[in-house]
Amino acid sequence: MQLRTVLILSLVSLHLISGCASTPAPVVAPVAAPESQPSKTSTSITVHTDRPKGQISRHIHGQFSEMLGRGIHQGIWVGPDSPIPNTRGLRNDVVAALRRAKVPVIRWPGGCFADYYHWKDGVGQRDQRRPQVNALWGGATEDNQFGTHEFMDLCQQVGCEPYICANVGSGSVQEMNEWIAYLNSDDDIPIVQMRRANGRQDSWHVRFFGIGNESWGCGGNMSPDFYADQYLQYMTYAWAYSGNFLYRIACGPNVSDYNWTETLMRRARWAMDGLSLHYYTVPGTWQDKGSAISFDEHEWFVTMQKAFFMDELLRKHGEIMYRYDPDKRVGLIVDEWGTWFNAEPGSRPGFLYQQNTLRDALVAGLTLNILQRHCDRVKMANIAQTVNVLQAMILTDNEKMLLTPTYHVFDMYKVHQDATRLATDVNCPRYGPPDGAIPSVSASASRDASGRLHISLCNLDPDSPMPVTVHLNAAQAKAVSATVLTAEAMNAHNTFENPDAIKPTELKDVRLADTSSVELTLPSKSVVMLEIE
Ligand code: AHR
């Protein structure tokens, strides 16, 4: 309760989440009336089991792995001669964990690195590959031992789809066109002969292809009009090859740069399948972002409040996209998101290594709930980044590996992948000071192919447990069970000495009140997954 004087729970207000509210659809789904007066101390959730809201693409649970710091090197790639157990150089422990969490897609090689990466440096015999300096991220020498073949092997071992981001900032149209041919062509042309000489006979059928990264910043400092010109030129030669389909993703806005979205949609929507968006949750400033593990309740609240901003971003960018694309053909691809704190003391700052606590788990749960709510427009999202960088799923230290609280959230949420989203109303108290309070509870519900319902719930309040009643309209529930991720401390985290300090457990405090309602208590600062049969 230490910051209760600063963070007074504001007066109760009604927080209604209904339908996919991201676009000004001509017919707005009616907002369900509250069944009772909102309470200051409890939450009522209605899951409209008879109001399907489209499919939650599994790609919303995607990952981003840049050639940065110890993300690839040591984190994923140790090389075939390493004493660390590996398959063709890829860590067995990391691959197994990613497989278990059903990671659906990985974006690579950047990030900023993508716009100074020349793919030919990373193919062919490893001892003859051309090294380069990763100038933006830590100044380390990148030996290019992990290149196209190794990345495609990673995706195959994990069982996910590749998403490749091409170099626009310092590359050429020809270089990009040849990379696609190398990946996807089965024609008897020199670039395919080169791939075959490098050990890969058949094409890989890569589908997701980004054209530049952060072209408004590290990808070339372009204006939206200049990038639109560049995009149109590059995409003209982004051929799918050999009967493949290429899902072309244009570089989208930085956070709330709505003019960028407007320009790209107006000028190039016909030529793209997706438009990216980047947004990081930074509790402090870019100069002093705040510590990953030493923070008070004020910083906890600000982190949640800033994570919640994702909802406004998706709604506003979605509104602009809707004006040009009312059929929602163009996907919004949130291909970088997550927390960004000061680098771990003692680590190389440019390597962006940070610990991961229960606070990160709440950001992950809240953000996935928001992304899923906008699944009519959001077709992919990629948390930054998979291993050892920013809001990582996994941390490694030589042969040791640990799963972070963020990993556990993704693992719990995998039941939503490709399920049908159900309209959900949440009537809850707000959390935080009156002038900036946010809903204290976030929820997302879906029905999977076998008919099971899953409801993911986050209690953002670090002090107060929350009694919740879930009303299932039009459902005949027979059984309920729940998994919870929580801990005593806001900054609970796993260490290499104690890797299971925080992990999911069964939530006992849940019961069927009748065939259409479930009662439970969300522990303070918790992520819960309900399963209803
Ligand atoms: O994820 C780290 C960096 O953040 C990426 O390289 C860049 O795209 C973004 O600014």
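Higher on the page you've got the structure.
Because the structure is a prediction, the values reported are computed rather than measured.

(A) Representation of the overall build of the protein in the model. Along the protein, the regular secondary structure elements total 9 helices and 26 strands. For the protein, buried positions account for 61% of its 533 residues. Element-wise, carbon and sulfur atoms account for 51% of the exposed surface of the protein, whose accessible area totals about 19500 Å². Averaged over its 47 positive side-chain charges, the protein has a centre that lies 3 Å from the centre of its 57 negative ones.

(B) Just helix α7 (residues 297-324), in detail. With 28 residues, α7 should reach 40 Å at 1.5 Å per residue; the first-to-last C-alpha distance of 42 Å fits that figure. For α7, the N-terminal capping position is held by Asp296, with its side-chain oxygen 3.1 Å away from the main-chain nitrogen of His298.

(C) Structural detail: the sheet that holds strand β20 (residues 453-459). Spatial ordering of the open sheet is given by β23-β22-β26-β20-β19-β16-β1-β21-β25-β24, a layout of 10 strands whose pairing is mixed. The open sheet is flanked by β23 (505-506) and β24 (510-514), the only strands paired with a single partner. As paired elements, strand β1 (residues 43-55) and strand β16 (residues 420-427) share 7 bridges and run antiparallel to each other. Note that in β16 the partner of Pro52 across the bridge is Leu422.

(D) Region of the structure containing the state of the cysteines. This model, assessed by the stated rule, comprises 1 disulfide. Here Cys112 pairs with Cys218 through a disulfide, and the sulfurs are 2.1 Å apart. Note on the Cys112 and Cys218 pair: the S-S dihedral is about -90 degrees, so by sign convention the disulfide is left-handed. Within this pair, whereas Cys112 is found in the loop between β5 (105-108) and β6 (132-134), its partner Cys218 is found in the loop between β9 (208-211) and α5 (224-236), the two being separated by 106 residues in sequence. Cys112 gets classed as buried once you look at its relative accessible area, which sits at 9%. Left unpaired, Cys160 is separated from the closest cysteine sulfur, that of Cys155, by 3.9 Å. Among the residues examined, Cys160 registers a relative accessible area of 11% and is labelled buried. Cys428 supplies the cysteine sulfur nearest to Cys458, a cysteine that is in no disulfide, at a spacing of 11 Å. Residue classification places Cys458 among the buried residues on the basis of a relative accessible area of 0%.

(E) Structural context of the environment of Thr281. You can see Thr281 is positioned in strand β11 (residues 274-281). The spatial distance from the C-alpha of Thr281 to the C-alpha of Val363 is 8.4 Å, given a sequence separation of 82 residues. Apart from the residues within four sequence positions on either side, Thr281 is in contact with Thr303, Lys306, Ala307, Gly338, Thr339, Trp340 and Val363.

(F) Structural context of the nonpolar core. Core analysis: the largest hydrophobic core is formed by 125 residues, its most contacted members being Phe146, Tyr231 and Trp337. Ranked by the residues each element gives to this core, the list is headed by α7, at 10 residues. Discounting chain neighbours no more than four positions away, the residues touching Tyr231 are Ile211, Arg248, Ile249, Ala250, Ala268, Ala271 and Met272. Listed in part, the 28 residues of the second largest apolar core include Leu472, Val510, Val518 and Leu530.

(G) Structural view of the packing of helix α8 (residues 358-373) against helix α9 (residues 405-413). In contact at an axis separation of 7 Å, α8 and α9 are set at 35 degrees when each is read in the N-to-C sense. Two packed elements cross with a definite hand, and for α8 against α9 that hand is right-handed. Touching Leu358, Asp360, Ala361, Ala364, Gly365, Leu368, Asn369 and Gln372 of α8 are Pro405, Thr406, Val409, Phe410 and Tyr413, all from α9. Along the lines of polarity and charge, the residues of the contact of α8 with α9 split into 8 nonpolar, 4 polar and 1 charged.

(H) View of the site of the ligand. Near the ligand the following residues occur: Phe64, Glu66, Gly111, Cys112, Trp137, Asn213, Glu214, Tyr280, Glu336, Trp340, Gln385 and Leu390. The separation between an oxygen atom of the ligand and a polar side-chain atom of Glu214 is 2.8 Å. Between the ligand and the protein, one listed contact pairs an oxygen atom with a side-chain N or O atom of Glu336 at 2.7 Å. The residue makeup of the shell around the ligand, split by class, is 6 nonpolar, 3 polar and 3 charged.

(I) Focus on the pattern of salt bridges. Summed over the entire model, instances satisfying the criterion amount to 23 salt bridges. Of the charged contacts in the structure, one is a salt bridge between Asp376 and Lys328, with a shortest N-O distance of 2.7 Å. One end of the pair, Asp376, is in the loop between α8 and β13 (378-384); the other, Lys328, is in the loop between α7 and β12 (331-339), with 48 residues separating them in the sequence. Per residue, the accessibility class of Asp376 equals that of Lys328, and both read buried. A salt bridge links Asp411 to Lys414; its shortest N-O distance comes to 2.8 Å. You can call Lys414 partly exposed: its relative accessible area is 22%.

Parameters and conventions
Residues numbered from 1 in each chain as written. Predicted model: local features only at pLDDT ≥ 70, side-chain atom pairs only at ≥ 80, totals over all residues. Heavy atoms only, no water. Helix = DSSP H or I, 4+ residues; strand = E, 2+ residues; numbered from the N terminus. Buried < 20%, exposed > 50% of the residue type's maximum accessible area, 1.4 Å probe, protein only. Areas by Shrake-Rupley, 256 points an atom, 1.4 Å probe, with all protein chains shown as cover. Lys, Arg positive; Asp, Glu negative; His and termini not counted. Charge placed at Lys NZ, Arg CZ, Asp CG, Glu CD. Expected span 1.5 Å × (residues − 1). Polar contact = N/O pair within 3.5 Å; in protein donor to acceptor, adjacent residues only side chain to side chain. Pairing = 2+ DSSP bridges. Disulfide = S-S within 2.5 Å. Contact = heavy atoms within 4.5 Å. Core = buried A, V, L, I, M, F, W, Y, C linked by side-chain atoms within 4.5 Å. Axes fitted to C-alpha atoms, helices over the stretch in contact; angles between N-to-C directions. Left-handed = near helix turned anticlockwise from the far one by under 90°. Nonpolar A, V, L, I, M, F, W, Y, C, P; charged D, E, K, R; others polar. Near = heavy atom within 4 Å. Salt bridge = Lys/Arg side-chain N within 4 Å of Asp/Glu carboxyl O.

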